[in-house]
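Close look at the chain arrangement
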Amino acid sequence: MAGPGRKARSGGEDRKSQQARAARLSAALAQLYPEARISLDFTTPWQCLVATILSAQCTDERVNRTTPELFRRLPDVGAMAQAPLEEIQRLIQSTGFFRRKSQALKAAAGAILERYGGEVPARMEELLTLPGVGRKTANVLLGHVFNQPGLVVDTHVRRVSLRLGLTCEHDADEVEGDLQKLLPPGDWTPFSMRMILHGRRICHARAPRCPECLLYSDCRRVGVAGGKVHV
Ligand code: SF4
């Protein structure tokens, strides 16, 4: 792992200039998407956890159409832990992968009741002990519920970070580690929300709109330059 002053792992750019470029990109994203916020609907930590688990392989719009009835029928951790699996499956069926997600929700509710007194824990290490919770979900909770730095790496953040030359890793956890070294903790949550929006609106997976992209001058366009898209 490269340290300060040594060569960073992306494109031979040294760490200092990569940090400066990341700061410029972060500022440009803040101008582009000042409104950046999570698009899942929730009012409690538990509801945020549920909505984030349901959002795997599903659009946030569909999750937001599903959760009102789910939260009405099963409003809290206790209700979810006691509900028959079949009822949970029926309520979340439209979000896809509903068997796996139902098991995760019920098991997570049980674990929160058993180990954390019914309260969603507020630390990364504790969140990662919950069934169905990986670093992405834990970072959503940290950043959007517990007011702590949480750098969410979804498919958009991973792809755009690679293209920008802020990482050369493909694994989401490695990308998170690289971005954490480039940005101050206070930027982690808003930066990741803005990268998600940029991936959805401009830096599309198959056809990135580089000529109209306002990040163009600071983007390495890794895997994109030359007309063929590789990442
Ligand atoms: S310049 Fe192209 S590759 Fe770079 S962020 Fe913009 S759309 Fe994506």
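See above for the structure.
Looking now at empty space enclosed by the protein. In total, this model carries 2 cavities of 30 Å³ or more according to the counting rule given. Along its surface, the largest cavity is lined by 15 residues, and Cys203, Cys210, Cys213, Cys219 and Arg221 are the ones closest to its centre. Take the lining of the largest cavity: its biggest share by element is 3 residues, from helix α9 (residues 155–164).

This paragraph deals with the environment of alanine 23. Looking at where alanine 23 falls in the secondary structure, it is placed in helix α1 (residues 15–32). A sequence separation of 161 residues divides alanine 23 from proline 184, and the C-alpha atoms of the two residues are 8.9 Å apart.

A few words on the site of the ligand. Taken together, Arg163, Leu164, His198, Ile202, Cys203, Pro208, Cys210, Cys213, Tyr216, Cys219 and Arg221 are the residues near the ligand. With respect to the detected pockets, the ligand is housed in the largest cavity. Taken together, the residues of the shell around the ligand break down into 8 nonpolar, 1 polar and 2 charged.

Conventions adopted
- Residues numbered from 1 in each chain as written.
- Predicted model: local features only at pLDDT ≥ 70, side-chain atom pairs only at ≥ 80, totals over all residues.
- Heavy atoms only, no water.
- 1 Å grid on protein atoms, 1.4 Å probe; cavity = no way out; pocket = protein on both sides within 12 Å on 5 of 7 lines; lining within 4 Å.
- Points joined across faces, edges and corners; volume = space filled by probe spheres on them.
- Helix = DSSP H or I, 4+ residues; strand = E, 2+ residues; numbered from the N terminus.
- Near = heavy atom within 4 Å.
- Sits in = over half its atoms within 2 Å of the grid points.
- Nonpolar A, V, L, I, M, F, W, Y, C, P; charged D, E, K, R; others polar.

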